[in-house]
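Observations on the three-dimensional arrangement
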Amino acid sequence: SYGFLHQELSIRVSHMVKELHMLPDALLQQSSVKLVKDMYLKTFEDLSDFDESGMYNEQILGKFMRKLQDIKRRHQTVVETMAEGILELKKESGDRFDPSINYFLDRFYTSRIAIRVLISNHLILFGPEEECPGHYGVIDPSLDVHDIVDDAASSAKYLCNHHYGNSPSIEIQTYCEFNNVTFNL
């Protein structure tokens, strides 16, 4: 698990750093975005400290676990910090907001979630963090994805109605090997 996670995180974090460097200059100049970029650079440096040969011992594994905890703590406020940078840019540029930024943010947050899942799962399975009963790491095999999506759709519908006075209809379809359920909100 150490070898896989080290390699996977190194690749994913390096891609995040590369994408952050390709942001429009106006966004890169925001202090909050610089802070996020520095967090990912530091994380990449931390991961680079470990041997990629796959050779390890208990001491290296312990150091790796502590580093994962540090990385997880460091990135705890990334969502809020990046949002501050976006708000700073919007305040400066007004209506001239580069649409490619939304594409970047979608990819950025999706990658961030994947990295956090990998780290959290490793820390729960092999480290000091406690596993919830019935879970396998961070995986809950009894999770009802439909209920989660339904709740998120209801929240989005409420926010749209509250802010814009209207909301689109949402159709959620779930598929599994046992049934096919479709319903409209």
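Whatever comes next refers back to the structure up there.
Overview of the structure. Values in this document were obtained by computation on a predicted structure and should not be read as measured data.

**A short note on helix α7 (residues 145–164)**
Taking 1.5 Å of rise per residue, 20 residues should cover 28 Å, and α7 covers 28 Å from first to last C-alpha, within 8% of that figure. Taking the backbone nitrogen of His-146 as reference, a side-chain oxygen 3.1 Å away marks Asp-144 as the first, capping residue of α7. Just downstream of α7 lies Gly-165, where phi reads positive at about 80 degrees.

**Some remarks on the pattern of salt bridges**
Any two side chains of opposite charge can pair, on the condition that their charged atoms come close. In total, this model carries six salt bridges according to the counting rule given. Across the salt bridge formed by Glu-8 and Arg-12, the nearest N and O atoms sit 2.8 Å from each other. Of this pair, Glu-8 and Arg-12 both sit in helix α1 (residues 2–21), four residues apart, roughly one helical turn. Here Lys-42 makes a salt bridge to Asp-46, at a shortest N to O gap of 2.9 Å. Here Asp-46 and Lys-42 lie together in helix α3 (residues 31–48), a separation of four residues that amounts to about one turn. Among the residues examined, Lys-42 registers a relative accessible area of 36% and is labelled partly exposed. If you follow the salt bridges from partner to partner, you end up with Lys-42, Asp-46, Lys-67 and Arg-74 in one network.

Rules behind the numbers
- Residues numbered from 1 in each chain as written.
- Predicted model: local features only at pLDDT ≥ 70, side-chain atom pairs only at ≥ 80, totals over all residues.
- Heavy atoms only, no water.
- Helix = DSSP H or I, 4+ residues; strand = E, 2+ residues; numbered from the N terminus.
- Expected span 1.5 Å × (residues − 1).
- Polar contact = N/O pair within 3.5 Å; in protein donor to acceptor, adjacent residues only side chain to side chain.
- Salt bridge = Lys/Arg side-chain N within 4 Å of Asp/Glu carboxyl O.
- Buried < 20%, exposed > 50% of the residue type's maximum accessible area, 1.4 Å probe, protein only.

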